Amino acid sequence: MKVQQLTKQYDGKAVVDGVTFEIPKGKVLSLIGPNGAGKSTVMGMISRLIARDAGLVDFDGRDIAKWKSKELSKRLAILTQSNQIQMKLTVRELVAFGRFPYSAGRNTPEDETIIDQAISYMELEPFQDRFIDELSGGQRQRAMIAMVIAQDTEYILLDEPTNNLDIYHATNMMKIVRRLCDELGKTVILVLHEINYAAFYSDYICAFRDGKIAKFGTVKEVMTREVLSQIYQVDFEIMEIEGKPLSIYY
Amino acid sequence: MSANTHTKPYATAARRANARKLAIMAVLVLAAAAAYLLVEVNPRYFSYAMSLRVPKLIVMLIAAFAIGGASIVFQSVINNIIVTPCLLGMNSLYTLIHTAVVFVAGSGSILAINANVSFAVDLVLMGIAATLIYGYLFRKTNHNVLYVLLIGTVLTSFFGSIQSTLTRVMDPNEYDSLLSTLVASFSNVNSEIILFSLVVLAILIFVLRRDLALLDVLTLGKAQAINLGVDYDRSIRRLLLGVTLAIAVATAMVGPISFMGLIIANLSRQLLKTYRHSQLILGSVFFGMIILVAGQLIVEHVYTYAIPISVFITVGGGIYFLYLLLTRRRI
């Protein structure tokens, strides 16, 4: 999957300006950057949720706009921050929606097996008959991930999956992201605010500033004092824990 | 795999419980219909009584069907369960059309007296207005349903102002005869209207059948619907137009009564507690049928037409609306 010269303007002001990068297959890629740097907008354009003004999103040799939405939904899944579900929906029913691209609402026994696996992978069995609006934030987020797993796509896009989660649940969420990649072989792209989560759990980082890519590279290449302080305009110290660079900012 | 043996019975049990509830409601609908047809009927004039009551009953059932279905669809599309399709302004457009017809052509003209012609005028004008106004608005506002609601509210008072201006300069006698058509009622229905509206509703359902099947997914929200491969904007636009037209049919048949949609849609949601729209719509339609038929029964036999049914629905609906507002945690 490649992104070329991606551009988006709101009221004549470019929020994403000529962004070009390639998404490494089977890896975890984190998009970081200050507020308004354009990372969520890039994510939206990659996932066809936001229309782009210029540029190309090349998915498997074909521009994403030329894909049938239904075909794309079998290969690429996106989870956004806003998931206000007003329906009376149980966890299992929510996860079952992940099979919609395949079965259009009429799930076969095969679909049911995949739903079972997704639920047990996320350890949601005890909650599967509970209504979504009765769950805690962490459980609800896990249910959403289970739905994405049931969707069974090669690419998984997560827009700020740790948002509104406490440290315990956020860390668990990042471990799940790692497992999606290592155990299930998914390519995961996520937008993150917390740099150290990006540093500890991803393979590559793409740092944005003012709608442009400030730095794209492996974690070690991006997590340096110079790069980070240039992006965030704050002083940074980098230290190493378990062989991974972590940042301290103040 | 123990989880499996535990869930599947649960899921089917919940669905079966809902199917049972719906079956009971269907029986209640039939009972209400039978009571409506047979209460205080004089056996000597049986066929005459039936010729009066059967068309009215059918009109109520069709109106309940259109309003019940449209209300659930509308709430799901807007993603808010305390809205009613009233907000689209079709009721005040209906009032305006009727007032304008009487004002321009006079209460004695064929446009006002002949039920068929009047129904056709209503339907065509409301249909055209809905398609033009809302079709244009959805595109213009980038399918932002909140703008559509806001504009609907503005249009409601816009149509209302024109209508009240017209009535101010109208001959009082004309106004008097006009007033009776502006209140929802089931008197003077005729069977050709029934056929007409059935055809319109059938076409509507046929054209929208794919979009209706997507309703369950659409209520997950725009991002999730697109993620699951649904053309969200197109379906929303088509469904909202369908809602406006269904409400236009119901309003043209029985007058402004779509406030009832709020009651029956929420009763259905409370009773069935499911996301499955096939069941929700059926529940809403059944509730509508029970309320209309039983309500009309009371109006005719207890109050002997002294109070029109819309008064009951507005009072009951208002109280229920307050109850919903006060008991819901978030709106």
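Residues numbered from 1 in each chain as written. Chains lettered and ligands numbered in written order. Predicted model: local features only at pLDDT ≥ 70, side-chain atom pairs only at ≥ 80, totals over all residues. Heavy atoms only, no water.

K.L.:
When you look at the confidence of the model for chain B in this model, what are you seeing that I'm missing?
P.N.:
Any residue range with low pLDDT should be treated as having predicted coordinates unsuitable for detailed reading. Residue and element names in this part refer to chain B. Across chain B, the average pLDDT comes to 84, with 92% of residues at or above 70. Looking over chain B, one finds the lowest element-wise mean pLDDT in helix 4 (residues 110-113), namely 72, and the highest in helix 14 (residues 277-301), namely 92. Here residues 1-7 is modelled with pLDDT under 50, and outside its nearest four sequence neighbours on either side it reaches nine contacts, counting other chains as well. (pLDDT = per-residue confidence, 0-100. Helix = DSSP H or I, 4+ residues; strand = E, 2+ residues; numbered from the N terminus. Contact = heavy atoms within 4.5 Å.)

K.L.:
Please clarify how the interface of chain B and chain A should be interpreted in this entry.
P.N.:
For an interface, size is often stated in terms of accessible area lost upon the parts coming together. Taken residue by residue, the interface counts 28 residues in chain B and 34 residues in chain A. Counting each side, the surface lost to burial between chain B and chain A is near 2700 Å², with a carbon and sulfur contribution of 59%. Sorting the residues of chain B by area buried against chain A places N227, L228 and Y275 of chain B first, and these three jointly supply 22% of that buried surface. Residue R276 of chain B is joined to E93 of chain A by a salt bridge in which the shortest nitrogen-to-oxygen separation is 3.9 Å. For the interface between chain B and chain A, the tally reads four residue pairs in polar contact (both at pLDDT 80 or more). Of all elements in the fold, only helix 1 (2-38), helix 10 (215-218) and helix 11 (222-227) of chain B reach the threshold of two or more residues within the side of chain B that touches chain A. The element best represented in the side of chain B that touches chain A is helix 1 of chain B, accounting for six residues. (Buried area = accessible area lost by both parts, 1.4 Å probe. Salt bridge = Lys/Arg side-chain N within 4 Å of Asp/Glu carboxyl O. Polar contact = N/O pair within 3.5 Å; in protein donor to acceptor, adjacent residues only side chain to side chain.)

K.L.:
What's the story with unusual backbone geometry in this structure? I'm lost.
P.N.:
Backbone phi values are negative for most residues with the exception of glycine, while trans is the configuration of most peptide bonds. Even without being glycine, E160 of chain A reaches a positive phi, approximately 50 degrees. For E160 of chain A, the location among the structural elements is in the loop between strand 7 (155-159) and helix 7 (167-182). Backbone geometry places N79 of chain B, a non-glycine residue, at a positive phi of 65 degrees. On the accessibility criterion, N79 of chain B (25% relative accessible area) is partly exposed. (Buried < 20%, exposed > 50% of the residue type's maximum accessible area, 1.4 Å probe, protein only.)

K.L.:
Any chance you could explain the nonpolar core here in plain terms?
P.N.:
As a rule of thumb, soluble globular proteins bury nonpolar side chains together. One finds L89, L94 and I145 of chain A together with Y134 and L292 of chain B to be the most contacted residues of the largest nonpolar core, which totals 155 residues. Tallying contributions element by element places helix 2 (residues 46-78) of chain B first for this core, with 15 residues. Membership of the second largest hydrophobic core comes to 28 residues, among which are V15, I23, A37 and I64 of chain A. (Core = buried A, V, L, I, M, F, W, Y, C linked by side-chain atoms within 4.5 Å.)

K.L.:
Any chance you could explain the side chain of E300 of chain B here in plain terms?
P.N.:
Residue and element names in this part refer to chain B. Relative to the helices and strands, E300 is located in helix 14. Overall, E300 belongs to the buried group, its relative accessible area being 9%. In this structure, E300 is in contact with Y36, K56 and Y305, ignoring residues within four places of it in sequence.

K.L.:
Where do I start with the pairing of strand 3 (residues 28-32) of chain A in this structure?
P.N.:
Side-chain direction in a regular strand flips from residue to residue, so the side chains alternate between the two faces of the sheet. All names here are of chain A. Taken across its five residues, strand 3 has five buried, putting it largely inside the fold. Taking every second residue as pointing to the same face, both faces of strand 3 are buried, with V28, S30 and I32 on one and L29 and L31 on the other. When strand 3 meets strand 8 (residues 187-191), the two strands line up parallel, connected through four bridges. Looking at strand 8, one finds that V28 is bridged to V188. Direction of pairing for strand 3 relative to strand 9 (residues 204-209): parallel, over a ladder of four bridges. The partner of S30 across the bridge, within strand 9, is I205. (Pairing = 2+ DSSP bridges.)

K.L.:
I would appreciate a short explanation of a nonpolar patch on the surface in the present structure.
P.N.:
Judged by side-chain polarity, L195, V199, I203, F206 and V207 of chain B come together as a nonpolar surface patch covering roughly 500 Å² of accessible area. Structurally, the position occupied by V199 of chain B is in helix 8 (residues 191-207). (Patch = residues over 30% accessible without salt bridge, like charges linked within 9 Å, V, L, I, M, F, W, Y side chains within 5 Å. Areas by Shrake-Rupley, 256 points an atom, 1.4 Å probe, with all protein chains shown as cover.)

K.L.:
Explain the sheet that holds strand 7 of chain A to me, please; I cannot follow it from the model alone.
P.N.:
Hydrogen bonds along the backbone pair up the strands of a sheet, which may run parallel or antiparallel. Residues and elements named next belong to chain A. In spatial order, the strands read 6-7-8-3-9-10; together these six strands make up an open sheet with mixed pairing. Each edge of the open sheet carries a strand with a single partner, namely strand 6 (76-79) and strand 10 (212-218). In this sheet, neighbouring strand axes are inclined to one another by 15 degrees on average, regardless of whether the strands run parallel or antiparallel. Across four bridges, strand 6 lies against strand 7 in parallel orientation. Directly across from A77, in strand 7, lies its bridge partner I156. The sheet contacts of helix 7 involve strand 3, strand 7 and strand 8, and relative to strand 8 the element is tilted by about 150 degrees. (Axes fitted to C-alpha atoms, helices over the stretch in contact; angles between N-to-C directions.)

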